[in-house]
Amino acid sequence: MNKPIPDRKKPTLAVHKLTSCSGCQAVILNLADDLLALSRLVQIVHFVEAGLVAPEAQVDIALVEGSISTPADEQRIRQIRARSRQLISIGACACSGGVQALRNVRDSGNWPGAVYADAARIDSLAQSRPVQDLVPVELELWGCPIEGRQLVAALAALLRGIPPLSHSEKLCQQCKRLGNICVLVSRGEPCMGPVTRTGCGALCPAFGAPCYTCFGPAEQPNTEAMGLCLLGLGLPRRQVAERFASISVGAPDFTQAYRRWRIPVREEKS
Ligand code: SF4
Ligand code: SF4
């Protein structure tokens with residue numbers, strides 16, 4: 001393994017992984033020219049997928065991918081926080097608990113027993129949580145996976161002492177600016193753009209597909225109006241609830257919306 005020699009002229013950066021699929025790390029590896037630009041701004045000292053291994057290094061900026069899903073994750077995130085000047089959560093897992101957080105809202109029972117031959121070997125917490133539930137976080141970059149240019153822009157801003165741009169506006173605003181034909185209005189597709197944060201470039205609607213919330217909730221998402229809109233499209237109530245139970249279900253706004261919409265109408269009236 002390569003042992004990087006610290007270059008004192010540049011701020012140092014580490015990329016850590018907790019419980020996740022490594023997709024956000026793959027985005028960093030695939031940055032191409034932007035990765036070269038990044039390496040001019042910082043010295044990357046720990047990034048296992050790039051062959052740099054120094055997990056205990058003290059760094060200026062730590063990027064953390066993955067949710068807190070195991071006792072080992074809980075221990076490691078506290079160590080990472082203690083060794084980092086600034087900590088950035090990257091991706092839906094680190095920002096909301098990820099798809100693993102489906103177990104937070106579903107009655108999943110003994111799921112390890114249903115999946116693994118020897119469930120006793122699985123050391124998993126009852127809930128999957130975002131990084132900010134355990135330690136302070138300077139910045140969250142949402143997405144499944146993150147958007148690479150958003151990461152580079154955020155790092156460049158932070159290194160210059162400028163607050164990074166907020167991407168909490170609703171996806172519809174970006175989608176309309178890009179001139180996409182609205183799949184919700186024109187085709188009655190259950191697009192979640194009205195409650196989802198921007199940052200992806202309205203990728204799915206640009207290809208004629210509805211958004212399924214992978215960048216998490218926008219600021220002040222009106223999940224009640226969104227649910228009523230989906231009901232108006234003809235979705236059964238249960239499916240309305242399911243639209244909030246995707247990759248970002250661990251985000252409180254979507255957890256509450258899922259719980260609110262899955263209540264059968266009879267029970268709600270009583
Ligand atoms: S396609 Fe989706 S994201 Fe785009 S404007 Fe319509 S509802 Fe909003
Ligand atoms: S349009 Fe929605 S689901 Fe598609 S990439 Fe963007 S945030 Fe994710």
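Residues numbered from 1 in each chain as written. Chains lettered and ligands numbered in written order. Predicted model: local features only at pLDDT ≥ 70, side-chain atom pairs only at ≥ 80, totals over all residues. Heavy atoms only, no water.

## Section: the overall build of the protein
Stated formally: Helix numbering and strand numbering both begin at the N terminus, where a helix is a DSSP run of H or I of at least 4 residues and a strand a DSSP run of E of at least 2. We take the radius of gyration over the C-alpha atoms and set the globule estimate at 2.2 Å times the residue count to the 0.38 power. In this scheme, a residue with accessible area under 20% of its type's maximum is buried, one over 50% is exposed, and one in between is partly exposed, where area comes from a 1.4 Å probe on protein chains only. Contacts are assigned to residue pairs with any non-hydrogen atoms lying within 4.5 Å of each other. Charge counting follows a simple rule: Lys and Arg are positive, Asp and Glu are negative, and His as well as the terminal groups are ignored. Think of each charge as sitting on NZ of Lys, CZ of Arg, CG of Asp or CD of Glu.
Per the secondary structure count, the protein includes 14 helices and five strands. Here the C-alpha radius of gyration of the protein, 20 Å, is about what a compact globule of 270 residues would show, namely 18 Å. Along the three orthogonal principal directions, the C-alpha set of the protein runs to about 65 × 50 × 30 Å. Every one of the 270 residues in the protein was classed for burial, and the buried ones make up 46%. The contacts of the protein with a sequence gap of at least 6 include a subset with a gap of at least 24, amounting to 73%. Of the charged side chains in the protein, 30 are positive and 24 negative; the average position of the first set lies 1 Å away from that of the second.

## Focus: the packing of aromatic side chains
Filter applied, for reference: Only Phe, Tyr and Trp rings take part, Trp by its six-membered ring, and two of them pair if their centres are within 6.5 Å. Stacked means planes under 30 degrees apart, edge-to-face means over 60, and tilted covers everything else. Either the NZ atom of lysine or the CZ atom of arginine qualifies as a charge over a ring when it sits within 6 Å of the ring centre and within 35 degrees of the ring normal.
Applying the stated rule across the entire model yields one aromatic pair. When the ring centre of W261 is taken as reference, the NZ or CZ atom of R260 above it lies at 4.2 Å.

## Looking at the site of ligand 1
As a reminder of what qualifies: The nearness test applies per residue and asks whether one of its heavy atoms lies within 4 Å of the molecule or strand. Three classes are used: nonpolar for Ala, Val, Leu, Ile, Met, Phe, Trp, Tyr, Cys and Pro, charged for Asp, Glu, Lys and Arg, and polar for all others, with Gly counted as polar.
Residues in contact with ligand 1, as listed here, are L171, C172, C175, K176, C182, V183, L184, C191, G193, P194 and P205. Among the elements of the structure, α8 (171-177) and α9 (183-187) are those that each provide at least two residues to the shell around ligand 1. Broken down by element, the residue count for the shell around ligand 1 peaks at four residues, all from α8. Residue classes in the shell around ligand 1 are distributed as nine nonpolar, one polar and one charged.

## Comments concerning the side chain of D60
We apply this condition: Polar contact is the term for a pair of N or O atoms within 3.5 Å; when the atoms are in protein, one must be able to donate a hydrogen and the other to accept it, and sequence-neighboring residues count only if both atoms are side-chain atoms.
Tracing the backbone shows D60 in strand β3 (residues 59-65). Side-chain polar atoms of D60 contact the backbone nitrogen of T12, separated by 2.8 Å. Once residues lying within four places of it in the same chain are set aside, the contact partners of D60 are P11, T12, R85 and Q86.

## Details of the domain arrangement of the protein
Put simply, the rule reads: Either an automatic procedure or a domain database provided the assignment from which the domain bounds are taken. Values labelled buried area give the accessible surface lost by two parts on being combined, using a 1.4 Å probe and summing over both. The salt bridge criterion pairs a side-chain nitrogen of Lys or Arg with a carboxyl oxygen of Asp or Glu, the two atoms within 4 Å.
Each assigned domain of the protein is listed here: domain 1 (12-159) and domain 2 (171-269). Residue-level contacts link 15 residues of domain 1 with 19 residues of domain 2. Each partner contributes to the roughly 1300 Å² buried at the junction of domain 1 and domain 2, and carbon and sulfur atoms together form 60% of this total. Looking only at domain 1, the three residues that lose the most surface to domain 2 are V105, R106 and W142, adding up to 44% of its buried area. Linking domain 1 to domain 2 there are one salt bridge. Across the salt bridge formed by R106 and E242, the nearest N and O atoms sit 2.6 Å from each other. The interface formed by domain 1 and domain 2 includes four residue pairs in polar contact (both at pLDDT 80 or more).

## A look at the pairing of strand β2 (residues 43-47)
Here is the rule: Whether two strands pair depends on DSSP finding at least two bridges between them.
Burial of β2 is extensive: five of the five residues sit out of reach of the surface. Pairing between strand β1 (residues 12-17) and β2: four bridges, direction parallel. Within the sheet, the bridge partner assigned to A14 lies in β2 and is H46.

## Section: the site of ligand 2
Near ligand 2 the following residues occur: L171, T196, C200, C204, P205, C211, Y212, T213, C214 and F215. Residues belonging to the shell around ligand 2 are distributed by class as follows: eight nonpolar, two polar and no charged.

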